[in-house]
Amino acid sequence: MALVDRTEGAGTAGAVEFRIDRRSGVATYLQIVHQAKQALRLGLLAPGDKLPTAREVVEATAINPNTVLKAYRELEREGLVEGRRGLGTFVTKGLGASAGAGSPHRPALVAWIAGAHRAGLDRDDITALFEDALNETIPQGDTR
């Protein structure tokens with residue numbers, strides 16, 4: 001299920017899907033919010049893009065429709081999307097300017113991850129190592 005439907009004139013969309021991890025301990029609606037924000041930061045979602053309907057998300061993920069609506073309300077509260085009666089939910093604001101898939105930093109990060117995986121680290125090990133280095137390098141709350 002594609003996360004995004006580009007409106008007329010907005011270009012073509014990359015396929016982005018919500019993936020729900022029921023064992024993560026993170027509330028399902030927050031997983032949707034986080035994934036939508038990540039898509040915004042990476043440029044996979046842009047202003048004018050239409051999010052899938054709650055029904056489409058429910059069909060693809062087998063979650064409760066109220067959970068999807070709660071996630072969309074949170075995104076709306078944060079000013080990132082707006083619901084248009086009878087039309088759907090549309091992205092109103094992007095996030096991040098240089099974190100997209102075209103970032104010059106991405107190839108080095110991909111190579112580092114591949115090397116760590118070849119060295120025997122699994123996904124959780126890599127995430128922990130990355131977050132530790134990130135927290136050591138950039139203090140919490142630094143928005144620069």
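Residues numbered from 1 in each chain as written. Predicted model: local features only at pLDDT ≥ 70, side-chain atom pairs only at ≥ 80, totals over all residues. Heavy atoms only, no water.

Engineer: Can you lay out the packing of helix α2 (residues 54–61) against helix α3 (residues 65–77) for me, pointing to particular residues and giving the numbers?
Structural biologist: Contact geometry of α2 with α3 gives a least axis separation of 9 Å together with a crossing angle of 125°. Comparing their axes, α3 and α2 come out oblique. Considering how the two elements wind past one another, α2 and α3 form a crossing that is right-handed. Each of A54, V57 and V58 in α2 lies in contact with α3, whose residues at this interface are P65, V68, L69 and Y72. (Axes fitted to C-alpha atoms, helices over the stretch in contact; angles between N-to-C directions. Helix = DSSP H or I, 4+ residues; strand = E, 2+ residues; numbered from the N terminus. Parallel < 35°, antiparallel > 145°, perpendicular 65-115°, else oblique. Left-handed = near helix turned anticlockwise from the far one by under 90°. Contact = heavy atoms within 4.5 Å.)

Engineer: Tell me what's going on with the packing of aromatic side chains, and back it up with residues and numbers.
Structural biologist: Applying the stated criterion across every chain, the model contains zero aromatic pairs. A cation over an aromatic ring shows up here: K70 above the ring of Y29, its NZ or CZ 4.2 Å from the ring centre. Across the ring face of F90, the terminal group of R84 is positioned such that the distance to the ring centre comes to 4.2 Å. (Phe/Tyr/Trp six-rings, centres within 6.5 Å; stacked < 30°, edge-to-face > 60°. Lys NZ or Arg CZ within 6 Å of the ring centre and 35° of its normal.)

Engineer: I'd like a rundown of the nonpolar core, residues and numbers included.
Structural biologist: Ranked by size, the top nonpolar core spans 19 residues in total, and within it I32, L51, V57, V68, Y72 and L75 carry the most contacts. Mapped by element, the contributors of at least two residues to this core are α1 (28–41), α2 and α3. For V68, the residues in contact, after removing those within four places along its chain, are I32, A54, V57, V58 and I63. (Core = buried A, V, L, I, M, F, W, Y, C linked by side-chain atoms within 4.5 Å. Buried < 20%, exposed > 50% of the residue type's maximum accessible area, 1.4 Å probe, protein only.)

Engineer: Quick one: what's the story with the pairing of strand β2 (residues 81–84), residue by residue and with numbers?
Structural biologist: The two faces of a sheet get side chains in turn, since along a regular strand they alternate between them. Bridge analysis of β2 against strand β3 (residues 88–91) gives four bridges, and the strand direction is antiparallel. Considered in β3, the bridge of R84 is made with G88. In this antiparallel pair of consecutive strands, β2 and β3, the connection spans three residues, and G86 shows a positive phi of 80°. (Pairing = 2+ DSSP bridges.)

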